[in-house]
Amino acid sequence: MMLNNFGFVFSGGGAKGAWQLGVWKAFEEKGYRAKAVSGTSVGALNACLYAQGDIKKATCAWNEIDSWRLLHPDLFNIIMKGLPTALAKAFWTCHNFPATTIMELLGISSKEDGFCLQDGLQELIEHHLNLNRRNLWLPIFVCAHSIEKSCPEYFAINSKDDWSPKEITDILLASAAIPVIYSSVNIRGKEYNDGGGGVLNFLFDYESDEYDNAPKAPLQRLPLDLIITLELDFKNNNDCIQKTKKGFHTAKIVPSKHLGDFIDGTIKFEQSFVNELIDLGYKDGLKWLNHNEVQLDLESFLSNSTILPKIIFD
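Residues numbered from 1 in each chain as written. Predicted model: local features only at pLDDT ≥ 70, side-chain atom pairs only at ≥ 80, totals over all residues. Heavy atoms only, no water.

Draft legend 1. Here's a closer look at the overall build of the protein. Helices and strands together make up the secondary structure of the protein, namely 13 helices and 12 strands. Evaluated residue by residue, the protein yields a buried proportion of 55% over its 314 residues. Considering only intrachain contacts with a sequence separation of at least 6, the fraction spanning at least 24 residues in the protein is 73%. (Helix = DSSP H or I, 4+ residues; strand = E, 2+ residues; numbered from the N terminus. Buried < 20%, exposed > 50% of the residue type's maximum accessible area, 1.4 Å probe, protein only. Contact = heavy atoms within 4.5 Å.)

Put into structure tokens, the structure is as follows:
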């Protein structure tokens, strides 16, 4: 079965990432475990939780998340920099103007400062993730945006690069450091922020090769039969299982309903909402699995077909 040799891609999406835990739970109950994982932003956090192999601990971590802990205002930056700085940065990012031009005209420092602190997320990571390499039992890739190179960068955090637990924490913080909202994070002398573009995508419908909210690329280099992306955007519900030229297959599992926009979804870290999404993800995951187990012989069908019938449900 292809599901005996697959990888999970956890896309970013803030509080909507709770849905991915439900899918994980469904796969766990059926006895399917990914051989490798990758993720961006909250998806990176979920990837690391998955790598620890403890769904109960992951659920416990999500039960401790709340909006105040993750959106803790940095009063100093708010007072000293103000909203004009944020708008200038967003305008520059989305219209490709040189940063120094906009900032110098406004008399603003070009340092990548934000208006919220990440201390709540850092505390959550340190409390619920044991980031010693021996406790991360499969390959994990985390995507963050390189400010210097203006492109996504993929960190293999339990590889021969020998990242320390402190550096892995910084990589996770960088992957979730939404521009304007959070400050960039320094990793080995270079500045990084949110690998998925964060609020820029929502406010300006901004898409660019600089970001990668669903980082499949690092998994494509591994000997996997199937790469499954756990999408959080209901708009991406028109995909099918495909066989690539390199011989592996790709698929998406998407929510069966819209999970909300930025205000009523991405930053809605409320326990009732989180639990609702975990339940929905569990049902969607089981539905996807049951359909494949009953109607498709993945091992033979995928090896003889380039494109299979759609597996997304209304």
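Picking up after the structure, the text goes on.
Draft legend 2. Up close: the pairing of strand E1 (residues 6-10). Counting buried residues along E1, five of its five residues qualify, which places the element largely inside the surrounding structure. Judged by which residues are buried, E1 turns out to be covered on both faces: Phe6, Phe8 and Phe10 on one side and Gly7 and Val9 on the other are all buried. The pairing of E1 with strand E9 (residues 226-230) spans five bridges and is classified as parallel. When the sheet's bridge partners are listed, Val9 is paired in E9 with Thr229. In terms of strand pairing, E1 meets strand E2 (residues 36-40) through four bridges, oriented parallel. The residue bridging Phe10 from the neighbouring strand is Gly39, located in E2. Since E1 and E2 lie parallel, the crossover through helix H1 (residues 18-30) that links them has a hand, and here it is right-handed. (Pairing = 2+ DSSP bridges. Right-handed = clockwise from strand over helix to strand, strands pointing away.)

Draft legend 3. Geometry of helix H2 (residues 42-52). Most of H2 is tucked away: 11 of the 11 residues are buried. By the burial criterion, the buried members of H2 are Val42, Gly43, Ala44, Leu45, Asn46, Ala47, Cys48, Leu49, Tyr50, Ala51 and Gln52. Immediately downstream of H2, the backbone of Gly53 shows phi near 75°, a positive value.

Honestly, that's just the spatial picture; any functional story needs more than this.
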